[in-house]
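Below are the chains, spelled out letter by letter.
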Amino acid sequence: RDQGLDLGVALNLSAMDLGSGDLPTLLSELLAEYQIDAGRLILEVTETAVMRDAKYSLDVLTRLKACGVYLAIDDFGTGYSSLSHLKRLPVDELKIDKSFVLGMASDGNDATIVRSTIELAHNMGLRVAAEGVEDGAALCMLKDYKCDMAQGYLISRPMPESAMREWLSQWQAQTLDCTEPTT
């Protein structure tokens, strides 16, 4: 932020994180102390973590959301939750698990799951991120499906913070060529 970059930071929360102490109060205090825009913080929690104690998790997530942070369900599609649970969660985003994204260019069932999940999430007012994007065909399909975000090795492998600024400028200068039809 001090270098002029407007980036969000995503943190994964475990079931233990959700149940340890008073996370919403601690988070609120830290956001105020470090003067961080809560909307730039993305807290990711898996379906499995939420389902460990669904009632308690819903309370914690609701209180975290009241802090102004962005909430995402990570690894969506691999857990045990139902749509009845999803509709009650105060989340902003679904992250489609890479197990569906990796094979979507060659497996029609995976492609259908990804496309349907994107449509469902958008109809619920949620943004969608796809994990595990490792080839251009998958990225083009996600673009066709109007997926909001993609992450994976095609875009970047993990890197030190010192390399990020150069990577950002190079990535922003690239264009996506999706002239070949996708399924």
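Throughout, a residue's number is its position along its own chain's written sequence, starting from 1. In view of the model being predicted, local features appear only for residues whose pLDDT reaches at least 70, and side-chain atom pairs are presented and counted only at 80 or more, with totals across whole chains, interfaces and linings using the full set of residues. The side-chain values count all of the structure's non-hydrogen atoms but skip hydrogen atoms and water molecules.

Q: Sorry, what's going on with the environment of Gly108 here?
A: Counting from the N terminus, the helices are the DSSP runs of H or I reaching at least four residues and the strands are the DSSP runs of E reaching at least two. Relative to the assigned elements, Gly108 resides in helix α7 (residues 108-123). Sequence-wise, Gly108 and Gln3 are 105 residues apart; in three dimensions their C-alpha atoms are separated by 44 Å.

Q: Whenever I open this one, the packing of aromatic side chains confuses me. Can you help?
A: Aromatic ring pairs: the centre-centre distance and the angle between the two ring planes describe each pair. Aromatic rings from Phe, Tyr and Trp, taking only the six-membered ring of Trp, are treated as a pair when their centres fall within 6.5 Å; an angle between ring planes under 30 degrees marks them as stacked, one over 60 as edge-to-face, and anything in between as tilted. Taken as a whole, this structure holds zero aromatic pairs when the rule is applied. The residue whose ring lies beneath Arg115 is Tyr145, and the NZ or CZ to ring-centre distance is 6.0 Å. If you follow Arg157 out to its NZ or CZ, it ends over the ring of Tyr153, 3.9 Å from the centre. Here, over-ring charges are defined by two tests on the NZ atom of lysine or the CZ atom of arginine: distance to the ring centre within 6 Å, and angle to the ring normal within 35 degrees.

Q: Help me out: how do you make sense of the pairing of strand β2 (residues 41-46) in this one?
A: Note on strand geometry: in a regular strand, side chains alternate between the two faces of the sheet. When accessible area is computed with a 1.4 Å probe and restricted to protein chains, residues below 20% of their type maximum are described as buried, those above 50% as exposed, and intermediate ones as partly exposed. With five of six residues buried, β2 lies mostly within the body of the structure. Pairing between two strands requires that DSSP report at least two bridges joining them. In terms of strand pairing, strand β1 (residues 9-13) meets β2 through five bridges, oriented parallel. Bridge pairing in β2 links Val9 to Leu41. Sheet analysis places β2 next to strand β3 (residues 70-76), joined by five bridges and oriented parallel. By the bridge assignment, Glu44 is partnered in β3 with Ala72.

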